[in-house]
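Listed here are the chains, written in short residue letters.
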Amino acid sequence: MKILSRIEEFVLIAVWRLKDNAYVVTIGEELKAMTGTAWAVGALFVTLDRMIRKGYLDTWISASTASRGGRAKRLYRLTPRAKEALSEVRRLQASVWKDLPENLGKEPA
Amino acid sequence: MRRMERFSRPPRFAAWMFEKLFPGREPETTAADLEELFRAESETGGPRHARRWYRIQLLKALPHRLAGFVFLDIPMFLISLKIMFRSLRRHKAFAVLSLMALTLGLACFFLIFLYTRYESSYDSFHPDADRLYRLMLEDPPGNDQRDIPGPASRVLENVIAEIEETTQTFSGFSPLVKKGTIKMETEGLFVDEGFFRLFRFPLLRGREASMSEPGRVILTARTGRRLFGDADPLGQTLDFSIRGENCRLTVAGIAADPPADTHFVFDLLISAPTTRTLPQYRRFLDALKGRFPRTYVRLRPQASPGAAAGKIAAYLDPPSPAASSGPGLRASLQPLSDIHLRPNGKDDSGIRALNLFTALSVLVLIVAMVNHVNLATSRSSLRRQEIGIRKTVGARRRQLIRQFLGEAVVLTAASFLVAAVAFIAVLPAFGRMVERNFRLGDLLGRTGAFEILGVVILVGLAAGFYPAFLLSSFRPARVLKRSDSGEAPSSGVRNILVVVQFAAAVVLLVVALFVSAQMRFIRDRDPGFQKGGVVETWAFDRSGPLMKQRLLQHPEVAGVTLSSNVVSLSSRAPLDERWGKIIFRGDPSRPPEEINAFRLAVDADFLSVFEMRVVAGRGFSETLDESGSVIVNETLARRLGPGDPAGKTIRVMEKDYAVIGIVRDFHFQPFQTTIGPAFFVHTKSNFGILYARFKKVPPDEALALVQSLADEIMPEESHAPVFLEDRLSALYKPERRQAVLISVFSTLAIVIAGLGLFGLAVFAVERRTREIGIRKILGAGTGRLFFLFSAGFVRLLALALAIGGPVAFYFAGRWLANFAYHVPLGIGTFLGAAAGMLALTIFVSGTQVARIAVIDPVQTLKQE
């Protein structure tokens, strides 16, 4: 399996955290909370569309909501494949970082 | 209310663009998502901010989409690429011409783009640079300068909540530093400890805290090596002299050499308390009432600079209850990154010059893009069959568009690679011209690869847009039947583009001609005094008269004179009372008139050394008592009213002077400024400047002679002899730089226009080869054919001249308007440019016609 890119990884985690309410606005907020920087809306659109094409995300249109002037949301959900990929990233991360000290600046004594 | 409503919605065009950008998403959800985000932004930052945010989001989305827009799937992309290279190979001439033009355009554009970035991001390496400001104080005109507490900065830090930290620096006026036998002039800055807390100038050795003790100095690594060689400078002493005062400093630290992109210039940092041991310098600071030190502040996060500045002004100059007190002190905070481009906080000329360069480079790039469009459409007839067949076998228009756009982008990318090489090659020369010693990394560090890529793709798309739509619109049935072969479609559009290209070249050429004429004017105009062969140097009372006497003993010296000030100022600002004020009572019934004028106190030889013409009366005499005499220039004479000015009395600094002569007007300020009133008084002391006029002597020898004499007579003063002519010419450096860039750019625009013309002529002639053959058989002479083909291009050129001429005159006029004295905006220059362009057009188109016209028509007609 191809390893997820960092951006893809973050987006997937954000979608997973949001459960049933993952759409562009909430995903953007979640990413901001996670990484501390605001993501461009266009970048989100492009990334989400790509993740669908790659089979990491399912998407459907919600029932219309009153809060959005009666307009629908495009919601997202992880596919099993995405969950697998995320676990893989986590496993890799742990194994790659295994021997490194907490503070990379100081050599271990 | 309606206004509110308008602002509470996202900008309509941007919303529409978003929808178009993401066609794969259903428009309703996209719009709803964006609107929700927009409302959130609107709540936190207000509607204005939200609309701005929305537009920025749109801009940020563009590059993300662009990559996918041109090529969506890889296999198709590879096929397109193959077709693309075949097509480029088949039309080599086209590819090469287009590539050359785009290369020039892109190289120009990126050079200026990166340079502009570099210039506008000075001092951005300090931590929290966006919160650093310089305090600027300004008294309203007519008000006396108010005292500002000397160590104002510390106080401000405590009383104004917005300010986190402050520091002050004072210029050291190029102090002279001596260590043993090594003596050097340096750039010195008095700083306190806070300097290191605000700015990132790391110390390699020593402590920052030493700047709170008197008599301490921190050297830059470079200066340390120059003064001490390989020895350890720490703890050593050196002799320091500033404005004639001496003291001894102990080296307390070594700072890393400051980077080039900072507005601070220093070889040594002297601890601020040292000024207490320099009474003269102290007095000088006091005389300026605290205006002289530069105060820098770091605001707290999120603090508003405007509010802080208001509080500073109110604190330093509390509004008095009396309503008549008039406007108070004005304070403003100038962002640190802004200081490099606007050193005195007001003069925008640096920024204007950058804008001018940017505009010029964009113009050259546009000419290159237009060139591509022209060439691509003009050869469209050659590709019609290919397009016809591809459409017949099932190519969709979309795919063709994508392919042609792709071709343009690939061509642009290739041009970019060539341009990058050109860029690296010309960078050193460019750096010398703009006097920046930057390396490639300095420029690239400030621009993301993403931005560069974005520009390349955008240029490619813009250049390929029209040809792609035109070529893909061909109807296969008609094209393949060749029912309308011959003249390519849309020659109207192409003609417009040729005119645009020519017009841009005309504008640049005409402006360049006027600018270089003005530069010649500056060089050659008689300033009203003899500037050739004159050496200018500082010389004060202790050294001046002795130096004069010694210099006159040299046979090469034609004359020497001493004066209080330089004969020609660097300042372009209108005269104010700083330079001298006259009180004059012409009509006893009216109150006396105050005139700001340029005052020069000189010895008796001044007018003769400078060969200034006395138009009435007489000059100063060596033998008479001249202490009550004054010589005025023509402008001042006119201000003194009608009648013979000789014998009139003017009052200068509480003393009456009788006018004894009038001297012809001379340029004591740069040509940007109108000549104002000036007057000479005679003096035997208070000298500041010495002028020595040399007969024919090699320049180096003259300077060396003055320098060695000065060192011998007054070793602790710093003298910096220069040729007056060199100093004056340096005043116009920015203009000269602009002149060079404008002429380079106009040359490039003409070269590109010439390339385009060449391409068009080649294709026009190729398309009409058979026509030429038939015409020859029917008896047309070579001259006639020549005329026939050139006439079309000449007509386009005439149109371009008609459009470009007025535009050029407008811009040239605006540029020349900076100068009070400039060359006339004559039509002759324009006619010259027109003649040059005409010659180019006829030559380029003529050679192509000639190529075909000399061939035996039998050959050309047999070709089918």
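Please refer to the structure placed before this passage.
Everything numeric in this text was worked out from a predicted model, so none of it was measured.

What counts, and where the lines are drawn
- Residues numbered from 1 in each chain as written.
- Chains lettered and ligands numbered in written order.
- Predicted model: local features only at pLDDT ≥ 70, side-chain atom pairs only at ≥ 80, totals over all residues.
- Heavy atoms only, no water.
- Helix = DSSP H or I, 4+ residues; strand = E, 2+ residues; numbered from the N terminus.
- Buried < 20%, exposed > 50% of the residue type's maximum accessible area, 1.4 Å probe, protein only.
- Contact = heavy atoms within 4.5 Å.
- Lys, Arg positive; Asp, Glu negative; His and termini not counted.
- Charge placed at Lys NZ, Arg CZ, Asp CG, Glu CD.
- Pairing = 2+ DSSP bridges.
- Salt bridge = Lys/Arg side-chain N within 4 Å of Asp/Glu carboxyl O.
- Buried area = accessible area lost by both parts, 1.4 Å probe.
- Nonpolar A, V, L, I, M, F, W, Y, C, P; charged D, E, K, R; others polar.
- Patch = residues over 30% accessible without salt bridge, like charges linked within 9 Å, V, L, I, M, F, W, Y side chains within 5 Å.
- Areas by Shrake-Rupley, 256 points an atom, 1.4 Å probe, with all protein chains shown as cover.
- Phe/Tyr/Trp six-rings, centres within 6.5 Å; stacked < 30°, edge-to-face > 60°.
- Lys NZ or Arg CZ within 6 Å of the ring centre and 35° of its normal.
- Core = buried A, V, L, I, M, F, W, Y, C linked by side-chain atoms within 4.5 Å.

## What about the overall build of chain B?
Here's step 1: Secondary structure summary: chain B contains 28 helices and 24 strands in total.
Here's step 2: Expressed as lengths along the three principal axes of its C-alpha atoms, the size of chain B is roughly 100 × 70 × 70 Å.
Here's step 3: By residue count, 49% of the 864 residues in chain B fall in the buried class.
Here's step 4: Relative to all contacts within chain B whose residues are 6 or more apart in sequence, the contacts with residues 24 or more apart total 80%.
Here's step 5: When the 107 basic and 81 acidic side-chain charges of chain B are each reduced to a single mean position, those positions are 11 Å apart.

## Some points on unusual backbone geometry
All names here are of chain B.
Here's step 1: Even without being a glycine, Q302 presents a positive backbone phi close to 70 degrees.
Here's step 2: One non-glycine residue, E611, adopts positive backbone phi at about 50 degrees.
Here's step 3: Tracing the backbone through its elements, the reader meets E611 in the loop between α20 (606–609) and β18 (614–617).
Here's step 4: Overall, the relative accessible area of 45% leaves E611 in the partly exposed class.

## Digging into the pairing of strand β5 (residues 188–191) of chain B
Residues and elements named next belong to chain B.
Here's step 1: Residues G188 and F190 of β5 are buried on one face, and the alternating residues L189 and V191, pointing to the opposite face, are buried as well.
Here's step 2: Strand direction decides the pairing type here: β5 and strand β10 (residues 268–271), joined by 4 bridges, are parallel. Each residue of the ladder has a partner; that of F190, found in β10, is I270.

## Regarding the pattern of salt bridges
Residues and elements named next belong to chain B.
Here's step 1: Under the defined criterion, the tally for this structure stands at 34 salt bridges over all chains.
Here's step 2: Between K311 and E162 there is a salt bridge, with its nearest N and O atoms 3.1 Å apart. Placement of K311 in helix α10 (residues 305–316) and of E162 in the loop between α6 (152–159) and β2 (163–171) is noted, with a sequence separation of 149 residues between them.
Here's step 3: Since its relative accessible area comes to 13%, E162 is described here as buried.
Here's step 4: With a closest N to O distance of 3.7 Å, R638 and D665 form a salt bridge. Taken together, the positions of R638 in helix α21 (residues 634–639) and D665 in the loop between β21 (655–663) and β22 (678–682) put the pair 27 residues apart, joining distant regions of the chain.
Here's step 5: Taking the relative accessible area as the measure of exposure, R638 reaches 58% and is therefore exposed.
Here's step 6: Salt bridges sharing partners connect three or more residues here, namely D128, R131, E164, E165, E193, R197 and R298.

## Overview of the pairing of strand β15 (residues 581–584) of chain B
All names here are of chain B.
Here's step 1: Residues I582 and F584 line the buried face of β15, whereas the alternating positions K581 and I583 sit on a face that is not buried.
Here's step 2: Pairing of β15 with strand β16 (residues 593–596) involves 4 bridges; the strand directions are antiparallel. Residue pairing for β16: I583 is matched across the bridge by E594.
Here's step 3: Summarising the sheet, β15 and strand β20 (residues 649–652) pair through 2 bridges and their orientation is antiparallel. Across the sheet, the residue bridging to F584 is I650, located in β20.

## Some words on the interface of chain A and chain B
Here's step 1: Counting residues at the interface gives 19 residues for chain A, matched by 21 residues for chain B.
Here's step 2: For the pair chain A and chain B, the two sides together bury roughly 1,700 Å², of which 60% comes from carbon and sulfur.
Here's step 3: Inspection of the chain A/chain B interface yields 0 salt bridges.
Here's step 4: Breaking the side of chain A that touches chain B down by element, the ones donating at least two residues are α2 (24–35), α3 (41–53) and β2 (74–78) of chain A.
Here's step 5: Among the elements that take part in the side of chain A that touches chain B, α3(A) stands out by supplying 6 residues, more than any other.
Here's step 6: Broken down by class, the residue content of the side of chain A that touches chain B amounts to 12 nonpolar, 2 polar and 5 charged.

## Focus: a nonpolar patch on the surface
Here's step 1: A contiguous nonpolar patch, built from V96(A), W97(A), L100(A) and L104(A) and spanning about 410 Å² of accessible area, is present on the exposed surface.
Here's step 2: Tracing the sequence through the fold places L100(A) in the segment after α4 (80–97).

## Here's the deal with the packing of aromatic side chains
Here's step 1: Inspection of the entire model under this criterion finds 39 aromatic pairs over all chains.
Here's step 2: Ring geometry for F38(B) versus Y54(B): centroids 5.9 Å apart, planes at 75 degrees, classification edge-to-face. Here F38(B) matches Y54(B) in class, with each residue buried.
Here's step 3: The ring of W16(A) carries the charged tip of K19(A) above its face, separated from the ring centre by 4.0 Å.
Here's step 4: In this structure, R81(A) is placed above the aromatic ring of Y56(A), and the distance from its NZ or CZ to the ring centre is 4.8 Å.

## Describing the nonpolar core
Soluble globular proteins tend to bury their nonpolar side chains together.
Here's step 1: Ranked by internal contacts, the top residues of the largest apolar core, which has 123 residues, are V567(B), F606(B), F610(B), M612(B), F680(B) and Y691(B).
Here's step 2: Sort the elements by how many residues they give to this core and helix α18 (residues 491–524) of chain B lands first, with 19 residues.
Here's step 3: Counting 40 residues, the second largest nonpolar core, distinct from the first, contains L4(A), A14(A), Y56(A) and Y54(B).

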